[in-house]
Amino acid sequence: MYRTHTCGELRLADAGKEVTLAGWVQRVRDKGSLVWIDLRDRYGITQLFLDGNSDPKLIEQARTFGREFVIQAKGTVIERESKNPNMPTGDIELKVNAFTLLNGSKTPPFTIEDVSDGGDDLRMKYRYLDIRRNPVRKNLELRHRMAMLVRNYLSNLNFLEIETPMLIKSTPEGARDFVVPSRMNPGEFYALPQSPQQYKQLLMVAGMDRYFQIVRCFRDEDLRADRQPEFTQIDCEMSFVEQEDVLNTFEGLAKHLFKEMKGLEFDQFPRMTWHDAMKYYGSDKPDIRFGMKFVELNDVVKGKGFGLFDNADLVVGINAEGCSEYTRKQLDQLTEFVKRPQVGAGGMVYIKYNTDGTFKSSVDKFYTPDDLKVIADKFGAKPGDLMLILCGEAMKTRVQLNALRLEMGNQLGLRNPDVYAPLWVIDFPLLEWDEETQRYYAMHHPFTAPKPEDEALLDDPTKWSDIRANAYDIVMNGVEVGGGSIRIHDRTLQNKMFHTLGFTDEKAQEQFGFLMGAFEYGAPPHAGLAFGFDRLCSLFGGADSIRDFIAFPKNNAGRDVMSGSPAPIAQEQLDELQIALNLK
Ligand code: ASP
C-alpha cells in the first residue's frame, strides 16, 4: 500500500497512529540534528519530522531529497510543539521511521508554491508543474464542482446529457471553422463544431424534449485577450417553451450555482432590453454593480455657441459622484484615456460641481453658471460631483462612454469581484448590418426567431435593422456568460431568414438542408441557450482570466507551448490526405 492517508487529512485526533504518506517534497529545512520536510499532495501538506532520536541514516537520506522528489514516509503522528494555525494539518507532524524514494526530480524551473516566481510562459510550458500549485489546483476543483452542480441540477429537471459529433459539416455563418481533412474522402473536410446548435435542434425534432451537454466548442477567430480557440459550453435546448420558461429555467440554474458555490441568494434577476442597455450603458453587457447611467444632453447643451456640441449627433455623459476634487492631472489622464485609439473619442468635456455650489468646467467660455446648473440638474448631480461628457455619432459615442464609465468604476473601486450583479439582456436585434461585406448577418445565429410582432418587417428590407429577436443574453458583472434564443421551427420562416441573409435556395439547401428537411417532419417549438463554462468558472473563482480555469490552455497566440502545437505534419501524412501545401 502506497499510503494510508493523504497529506491533507491527519489531525490531532490521529496522534499516536502509525501511518504511511506519499507525495512530493515541497521543502526541506535542515537544522543539523533537526530536519523538517513539507510533503505535498493534492489534498494538502503534512510536515515530516526527524530529530536527534531518529536513525542518523534517515537524516542522511532526507538530505538527499530535492524539491519535487516523490517519496513515501512511514512514521508516527505526533502533536507539534509549535503549531501552525494556518494549516489544516498544522497541529501535528509525522515522526518518520522509514523513507522510500519513489522517484527523483530535476530542479523545477519555478517554485511550486502559492506565489510562484515563474512567469506566464514558463508556467504554461510546464503546466503539469503549475497545476501542482494550490491556486491552479483549486481552480480545477472549482470547475469540477461547478460541472457536478450543473449536471445534477439539469438532470433533476429532466434534461438528458447527450453527446453530439465533433466531426461535422462546415457552415459559413458565424465564426471561422477549424477544419479536419478526411483521408477516406480526399479533398473533403470535416469541421469542428463552433457549437452543437443544429444537432441540439435536431434532438428537439427527435422528441428528446430537454437536452444539455457540457461540450467543447471550437472557433478559429483572430485572437483577442482571454479567448481560447477551444472552450467549453453548457449547451441546452428545450421543447414546448416560451422565452419566459427558458429565462426562468436557467436563472434557476444560475441561482443554484450562486447558492452552492458562494452562499448567495438573489431575487429575480433584472432584465433590460438591448436598446436600453445600449442607450444607458453603451454596451450589450452592462456592468450594473454600479450606477453612472448615461444621461443624454442634446436638449440642454445645444445652441450656446459651442460648435462641437452643436454639430454632434449625440451629447451624452456620466456623473461621477463625489469626484469634484479630481485634479487637473487626473482629468488630463481621463482625457488621454478616452483619446486612446482603443477608445477613439476626440476629447472629453468635464463639469465640476464644487462643494461650495459653484461650477468649474472645460467649457466655461460657452456656458454660464446657470446653463451649467441646468445641465447638472439633468444629471441629478449634487455639489461634490463631477460630470464627464462625450459627443459625436450616437452609437460610437455611447461605446466610448462605456469605456470611460468602466474606467471610472475601476478607479472608484466600484467593480468589486466579490459583488455579483446578474442581468438578462433581452430583445436583441435580429440582424446586424456589415459594412465590409455590405449585407446583413444574424446577430445571434440564423436559427433565431424574430419577435412575432416584428415578423412582418422581414418583408420590408428598409426595416430590417428594426426587427427584434426573441434572443437573450445572461450577463454578470459586465461579462456575457451565456446567450440563446427562441428558434425558428417553421420551414417557410427559416427559408425567409436565409433569403434575408443573402442565401439562394440552393445555397441554403446545401448548407442547412438537413435541418430544414427535419423541420418538415413535425418540429416542435423549441428554444435554448448556452453558457460559457470557462467564463462562468472564472467569474465564480473571482479571476479575470479563463485560462486559469482550463487545465491545458492555449496561450494568447493560440499555441500550446507545452506540446508545441500547432506544428507541421509529416510529408507522408500530407500525401495520405492528398494535400499539397501552398504557403505564402
Ligand atoms: N449556440 C449558441 C451559441 O453558441 C447558443 C444558443 O443559441 O443556444 O452562442
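Up top is the structure these notes are about.
Our subject in this report is the structure included herewith. Here the residue numbering is sequential within each chain, running from 1 through the sequence in written order. Note on the predicted model: pLDDT of at least 70 is required for a residue's local features to be given, and 80 or more for side-chain atom pairs to be given and counted; whole-chain, interface and lining totals, by contrast, use all residues. By convention in this description, side-chain values take in all heavy atoms of the structure and omit both hydrogens and water.

Every helix listed is a DSSP run of H or I at least four residues long, and every strand listed is a run of E at least two residues long, numbered separately from the N terminus. A tally of helices and strands in the protein chain yields 16 helices and 22 strands. Reported as C-alpha extents along the three principal axes, the dimensions of the protein chain are approximately 90 × 75 × 55 Å. By definition, residues are in contact when any of their heavy atoms lie within 4.5 Å. Here the contacts in the protein chain between residues at least 6 apart in sequence split such that 65% fall between residues at least 24 apart. Summing over all exposed atoms, the protein chain offers an accessible surface of approximately 28,800 Å²; the carbon and sulfur share of this is 50%. For the protein chain, the centre of its 72 positive side-chain charges and the centre of its 86 negative side-chain charges are spaced 5 Å apart. Where accessible areas are quoted, they stem from the Shrake-Rupley method and a 1.4 Å probe; at the residue level, only the protein chains shown are allowed to cover. We count Lys and Arg on the positive side and Asp and Glu on the negative side, and we leave His and both chain ends out. By convention, the charge on Lys lies at NZ, on Arg at CZ, on Asp at CG and on Glu at CD.

A cis amide bond, omega 0°, links S565 with the succeeding residue P566. Along the chain, P566 turns up in the loop between α15 (533-540) and α16 (571-577). The backbone phi angle of N477 is positive, close to 55°, even though this residue is not glycine. Among the secondary structure elements, N477 is positioned in the loop between β20 (471-476) and β21 (479-486). Its identity as a non-glycine residue notwithstanding, Q578 has a phi of 55°, on the positive side. Mapped onto the elements of the fold, Q578 is located in the segment after α16.

This part covers the pattern of salt bridges. Salt bridges are identified by distance alone: a Lys or Arg side-chain nitrogen within 4 Å of an Asp or Glu carboxyl oxygen. Within the structure shown, the criterion is met by 47 salt bridges. Residues R67 and E113 are paired through a salt bridge, measuring 3.7 Å at the closest nitrogen-oxygen approach. Of this pair, R67 sits in the loop between α1 (56-63) and β4 (70-79) while E113 sits in the loop between β5 (92-103) and α2 (120-125), and the two are 46 residues apart along the sequence. In this structure R67 comes out as partly exposed when scored by relative accessible area, which is 33%. A salt bridge links R535 to D226, with the shortest nitrogen-to-oxygen separation between them at 3.4 Å. Residue R535 is located in helix α15, and its partner D226 is located in the loop between β9 (210-218) and β10 (230-239); the two are separated by 309 residues in the primary sequence. On the basis of relative accessible area, R535 is assigned to the partly exposed category, the value being 24%. Since its relative accessible area comes to 18%, D226 is described here as buried. Salt bridges sharing common partners tie together D120, R123, R127, D130, R133 and R547. Only protein chains enter the calculation, and the probe is 1.4 Å; a residue is then buried if its accessible area is under 20% of its type maximum, exposed if over 50%, and partly exposed in between.

Two aromatic rings are characterised by how far apart their centres lie and by the angle between their planes. Think of it this way: a Phe, Tyr or Trp ring, Trp meaning its six-membered ring, pairs with another when their centres are within 6.5 Å, and the plane angle makes it stacked under 30 degrees, edge-to-face over 60, tilted otherwise. Scanning the model with the defined rule gives 24 aromatic pairs in all. With a centroid separation of 5.9 Å and an interplanar angle of 35°, the aromatic rings of W36 and F49 are classed as tilted. On the criterion of sequence distance, the pair formed by W36 in strand β2 (residues 34-41) and F49 in strand β3 (residues 44-50) is long-range, its members being 13 residues apart. Arranged with centres 6.0 Å apart and planes meeting at 25°, the rings of Y420 and F540 form a pair that is stacked.

It is worth spelling out the side chain of Q213 at this point. Summarising the element assignment, Q213 is placed in strand β9. The term polar contact refers here to a pair of N or O atoms within 3.5 Å; inside protein, the definition further demands a hydrogen-donor-capable atom paired with an acceptor-capable atom, and it admits residues adjacent in sequence only when both atoms are side-chain atoms. A polar contact is formed between the side chain of Q213 and the backbone oxygen of I162, at a distance of 3.3 Å. When residues no more than four places from it in sequence are discounted, the contact partners of Q213 are E161, I162, E163, T164, P196, Q233, I234 and D235.

Let us now look at the sheet that holds strand β16 (residues 385-392). Taken together, 5 strands build an open sheet; the order of strands is β12-β13-β16-β14-β15 and the sheet is antiparallel. The sheet terminates laterally at β12 (295-296) and β15 (359-361), the two strands that pair on one side only. Whether two strands pair depends on DSSP finding at least two bridges between them. Strand direction decides the pairing type here: β12 and strand β13 (residues 314-320), joined by 2 bridges, are antiparallel. Bridging across to β13, V295 finds its partner in G317. Only C-alpha atoms enter the line fits that serve as axes; for helices the fit covers just the stretch in contact. Angles between N-to-C directions range over 0 to 180 degrees. Against the sheet, helix α10 (residues 328-339) makes contact with β14 (349-353) and β16, and its axis sits at roughly 30° relative to β16, the strand it touches most. Against the sheet, helix α11 (residues 369-379) engages β12, β13, β14, β15 and β16, with an angle of about 90° to β15.

Our focus in this paragraph is the site of the ligand. The ligand sits among 13 residues. The nearest are Q197, K200, H444, H445 and R487. Contact between the ligand and S195: a nitrogen atom at 3.1 Å from a side-chain N or O atom of the residue. Within the side chain of R487, one N or O atom sits 2.7 Å away from an oxygen atom of the ligand. For the ligand, the protein covers 88% of the area, taking 270 Å² as the surface of the free molecule. Within the residue set of the shell around the ligand, elements represented by two or more residues are α5 (197-205), β21 and β22 (526-532). Counting residues per element, the shell around the ligand draws most heavily on β22, at 3 residues. Across the shell around the ligand, the residue classes tally to 2 nonpolar, 8 polar and 3 charged. Nearness is defined per residue: one heavy atom within 4 Å of the molecule or strand is enough. Amino acids outside the nonpolar list (Ala, Val, Leu, Ile, Met, Phe, Trp, Tyr, Cys, Pro) and the charged list (Asp, Glu, Lys, Arg) are all regarded as polar, and Gly is one of them.

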